[in-house]
Amino acid sequence: MKNKLLIIGASGHGKVVADIALKMNKWQSIAFLDDDENVKSSMGLEIVGKSNETIKYINDYDIFVAIGNNETRKKVQERLEEEGAKIPTLIHPNAVLGEKVEVASGTVVMAGVVINCCTKIEKGCIINTGSTLDHDNIIEEFVHISPGAHLAGTVRVGKKSWLGIGSVISNNVDIASSCMFGAGAVVIRDINDSGTYTGIPAEKVD
């Protein structure tokens, strides 16, 4: 781990990521890259360049991708990995992680999250505020679990899926890659096809 952190993205999600990084107290300095030329700082932290300038900083900074869109986050993080960037994992001090929980690089775990034992979270995920993941879950790469979502035990969420705010996933459910669930959706059976799902129980709408 380096003693400086560079966050790509200085908007809402980036601010929360920066707040977590500050609370972790592991980096002597934290800065942003962002493409909005009208913004010079965020959270009191300097914006030092644009997102395409990461190569200039790659030897001196840990680099974290704070982009909410799953596909964009995937592209940026994988490019950074190819360039040899050091990509940390960010976990809020008030998150609760059980034994044998694995959290991969580029994932952020926000305040109030509970992740119970033997759950695996792969790279580039967003585990958002106040969500809960029970035992033996597998969260594949570049998933976004929104605030207040709740996953029971032995749930698998496929790559690049997005669980909307307040969604509920019953136990022993598998969710395909590239699915999107609306706010408050309740998933009670396996979801085998990519697409958009809403309702109680969740049904495909697109």
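Residues numbered from 1 in each chain as written. Predicted model: local features only at pLDDT ≥ 70, side-chain atom pairs only at ≥ 80, totals over all residues. Heavy atoms only, no water.

**A word on the overall build of the protein**
And then number 1: Along the backbone of the protein there are two helices and 24 strands.
And then number 2: For 206 residues, the compact-globule estimate of 2.2 N^0.38 gives 17 Å, and the C-alpha radius of gyration of the protein, at 17 Å, lies within 12% of that figure.
And then number 3: By its C-alpha atoms, the protein is 45 × 35 × 30 Å across when sized along the principal axes.
And then number 4: The burial tally for the protein puts 46% of its 206 residues in the buried class.
And then number 5: Considering only contacts in the protein between residues 6 or more positions apart, those separated by 24 or more positions represent 28%.
And then number 6: Accessible area of the protein: about 9300 Å², with a carbon and sulfur share of 48%.
And then number 7: Looking at the protein, you have 21 positive and 26 negative side-chain charges, and the mean spots of the two groups are 3 Å apart. (Helix = DSSP H or I, 4+ residues; strand = E, 2+ residues; numbered from the N terminus. Rg over C-alpha atoms; globule rule 2.2 N^0.38 Å. Buried < 20%, exposed > 50% of the residue type's maximum accessible area, 1.4 Å probe, protein only. Contact = heavy atoms within 4.5 Å. Areas by Shrake-Rupley, 256 points an atom, 1.4 Å probe, with all protein chains shown as cover. Lys, Arg positive; Asp, Glu negative; His and termini not counted. Charge placed at Lys NZ, Arg CZ, Asp CG, Glu CD.)

**Points about helix H2 (residues 70-82)**
And then number 1: With 13 residues, H2 should cover 18 Å at 1.5 Å per step; its first-to-last C-alpha distance of 18 Å lies within 8% of that length.
And then number 2: Buried residues of H2: Asn70, Arg73, Val76, Gln77 and Leu80, and no others. Seen end-on, H2 carries its buried residues on one side only, within an arc spanning 135°. The outward face of H2, more than 90 degrees from its buried face, is lined by the exposed residues Lys75 and Glu82.
And then number 3: The inward-facing, buried residues of H2 abut strand S1 (4-8), strand S5 (62-65), strand S12 (126-127), strand S15 (144-145) and strand S18 (162-163). (Expected span 1.5 Å × (residues − 1). Arc of directions from axis to C-beta.)

**Some thoughts on the UniProt feature "binding site: substrate" (unreviewed entry) in the protein**
And then number 1: UniProt feature "binding site: substrate" (unreviewed entry): in the numbering of this structure it lies at Ser11, Gly12, His13 and Gly68. A compact arrangement is adopted by the annotated residues: their sequence extent is 58 residues, whereas the largest C-alpha distance between any two is 9.7 Å.
And then number 2: Summarising the element assignment, His13 is placed in helix H1 (residues 12-24).
And then number 3: Beyond its immediate sequence surroundings of up to four residues, His13 is in contact with Ala66, Ile67, Gly68, Val108, Met110 and Ile126.
And then number 4: Along the chain, Gly68 turns up in the loop between S5 and H2.
And then number 5: With near-sequence residues (within four places) excluded, Gly68 lies in contact with His13, Arg73, Ile126, His144 and Trp162. (UniProt positions renumbered as here; feature names shortened; annotations may be inferred.)

**Some remarks on the domain arrangement of the protein**
And then number 1: Under the domain assignment used here, the protein contains domain 1 (4-88) and domain 2 (91-200).
And then number 2: For domain 1 versus domain 2, the distance between C-alpha centres works out to 23 Å.
And then number 3: Opposite the 18 residues of domain 1 that make contact, domain 2 presents 20 residues.
And then number 4: Between domain 1 and domain 2, the buried area comes to about 1500 Å², and carbon and sulfur atoms account for 61% of it.
And then number 5: When the buried area of domain 1 at its contact with domain 2 is split by residue, Ile20, Asn70 and Arg73 rank highest and sum to 33% of it.
And then number 6: Remark: the boundary between domain 1 and domain 2 carries two salt bridges. (Domains from an automatic or database assignment. Buried area = accessible area lost by both parts, 1.4 Å probe. Salt bridge = Lys/Arg side-chain N within 4 Å of Asp/Glu carboxyl O.)

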